[in-house]
Structure formats: C-alpha cells, structure tokens
Amino acid sequence: MMGVGKSTIGKIIAKKLNHQFVDIDNLIEIKEKSTIKHIFKNKGEEYFRRIEKKITTQELKKNNLVIALGGGGFIDDLIRKEIKSSCVSFWLDLNLSTLIMRLKNNRNRPLLDKDNLEYSINKIYSQRKKIYNESDYKIKCNSMTKNQIVGKIVKLYEASRN
C-alpha cells in the first residue's frame, strides 16, 4: 500500500543483505522522464500499469535485489505470479489512520482524492487487501520501529532461504 514505507524499509534491508535496492516507481520515472503523477495525468493509469508490468517483470528476473513495488504492482496477476514463483514477498501493513496522517500532505499520489482523502485511502486499501494477503508474509507495522520491521523481515527472509 502506498505510504507504508516500502522504499525506506527496502533500502535498509538491501544494505543489510548486501543486495541492490530497486524502487519500481523510481525506475518508471527515470525511464519515462516524468513523474508518476504526470504519467497518470497525461497518459492514463492503463499506460502506467503497462510500463509498471514491463519494468517489474524485467527486474524480477535479476538476482540479489530488494524490490519496492508500487502500491498497485502486486495487484497485477502476472507480476504476482512471477513474485510467487521466484521471490519472497512481504506486505507492510499499516493501520489506516497512520496512512492518512502520512499521506495527507502528499500531492504526488494520483489515485488519492485530496478532497476526500480518508475515503479514497479506505477504498484503495479495502480493494487491495485480499490480494496483498497473498504475500508470503504480512508484517503489521503499526507499533514497530523501522529497525524492528527490518529485523523481522531479514529474519523471515533468511529462514525462508534455508
């Protein structure tokens, strides 16, 4: 889900595991020479999802990466299938009130209705949570520090590799 800290946590995990960190949204912005917000506005969500799928599936073929998907990446059937067959996946789950606090001043989230932020976050979360639940692990981040989240993920990851 957007705003949970995928990039922040992912960078720390990558460093701990001596892996490369990849942020799919960042790669999309570099390739398209545009922000996600502008891609949505000028080319539409369907175009964005096609680019997201192409870049994500390319990155999933590489080794020793920690990948932060965009919030909607795991929703795509092909991306999810690829992840489930070749990766260990984690859902960083955060309560909605914390998400609302984190996202209330963010102007770069094209799927959020700034006039009705609470409603749009609730709607997106409820539409996606069933699919997010297909992740290998769900990390409830509400009362955990960054280091606790990272420690838990690294421990689960290493255990899954043995």
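See the structure shown above.
Overview of the structure. (Residues numbered from 1 in each chain as written. Predicted model: local features only at pLDDT ≥ 70, side-chain atom pairs only at ≥ 80, totals over all residues. Heavy atoms only, no water.)

What follows is about the overall build of the chain. When its secondary structure is counted, the chain shows eight helices and four strands. Scanning the chain from its N terminus toward the C terminus, one meets helices and strands in the order α-β-α-α-α-β-α-β-α-α-β-α. When the backbone C-alpha atoms are referred to their principal axes, the chain occupies close to 45 × 35 × 25 Å. When burial is assessed residue by residue, the chain has 40% of its 162 residues classed as buried. A separation threshold of at least 6 residues defines the contact pool for the chain, and within that pool the share at least 24 residues apart is 67%. With an accessible surface of roughly 9,700 Å², the chain has 46% of that area assigned to carbon and sulfur atoms. When the 33 positive and 18 negative side-chain charges of the chain are each reduced to one mean point, those points stand 4 Å apart. (Helix = DSSP H or I, 4+ residues; strand = E, 2+ residues; numbered from the N terminus. Buried < 20%, exposed > 50% of the residue type's maximum accessible area, 1.4 Å probe, protein only. Contact = heavy atoms within 4.5 Å. Areas by Shrake-Rupley, 256 points an atom, 1.4 Å probe, with all protein chains shown as cover. Lys, Arg positive; Asp, Glu negative; His and termini not counted. Charge placed at Lys NZ, Arg CZ, Asp CG, Glu CD.)

Looking now at the side chain of Glu59. Relative to the helices and strands, Glu59 is located in helix H4 (residues 45-60). Not counting residues within four places of it along the chain, the set of residues in contact with Glu59 comprises Val22, Ile24, Leu27, Leu65 and Ile67.

Met1, Ile13, Ile28 and Leu92 are the most contacted members of the largest nonpolar core, which totals 42 residues. Residues within four places of Ile28 in sequence aside, it is in contact with Ile36, Ile39, Phe48, Ile51, Glu52 and Ile55. (Core = buried A, V, L, I, M, F, W, Y, C linked by side-chain atoms within 4.5 Å.)

Okay, the packing of aromatic side chains next. Think of a pair of aromatic rings as described by two things: how far the centres are apart, and how the planes are tilted against each other in angle. As enumerated under the stated definition, the model contains four aromatic pairs in all. For the pair Trp91 and Tyr125, a centre-to-centre distance of 6.3 Å together with 40 degrees between the ring planes defines the contact as tilted. Remark: Tyr125 occurs in helix H7 (residues 117-132) and Trp91 occurs in strand E3 (residues 90-93); sequence separation between them is 34 residues. Of the two residues, Trp91 and Tyr125, neither departs from the other in class, the shared state being buried. (Phe/Tyr/Trp six-rings, centres within 6.5 Å; stacked < 30°, edge-to-face > 60°.)

Relative to the helices and strands, Thr56 is located in helix H4. Classification of Thr56 by relative accessible area gives buried; the value is 0%. Setting aside its immediate chain neighbours within four residues, Thr56 contacts Ile24, Leu69 and Ile79.

Here we take up the packing of helix H2 (residues 24-32) against H4. The geometry of a pair of packed helices is captured by two quantities: the angle between their axes and the separation between those axes. Look at H2 against H4: their axes get within 10 Å of each other, and the N-to-C directions meet at 115 degrees. Taken together, the axes of H2 and H4 lie roughly perpendicular to each other. Judged by the twist between their axes, the crossing of H2 over H4 is right-handed. In contact with Ile24, Asp25, Leu27, Ile28, Lys31 and Glu32 of H2, H4 contributes Tyr47, Phe48, Ile51, Glu52, Ile55, Thr56 and Glu59. Along the lines of polarity and charge, the residues of the contact of H2 with H4 split into seven nonpolar, one polar and five charged. (Axes fitted to C-alpha atoms, helices over the stretch in contact; angles between N-to-C directions. Parallel < 35°, antiparallel > 145°, perpendicular 65-115°, else oblique. Left-handed = near helix turned anticlockwise from the far one by under 90°. Nonpolar A, V, L, I, M, F, W, Y, C, P; charged D, E, K, R; others polar.)

Turning to unusual backbone geometry, a few remarks are in order. The backbone phi angle of Lys33 is positive, close to 55 degrees, even though this residue is not glycine. Mapped onto the fold, Lys33 is located in the loop between H2 and helix H3 (36-43). By relative accessible area, which is 76% here, Lys33 ends up exposed.

What follows is about the state of the cysteines. Taken as a whole and judged by the stated rule, the model has zero disulfides. Summary of cysteine pairing: Cys87 is not part of a disulfide, and the nearest cysteine sulfur, belonging to Cys141, is at 19 Å. (Disulfide = S-S within 2.5 Å.)

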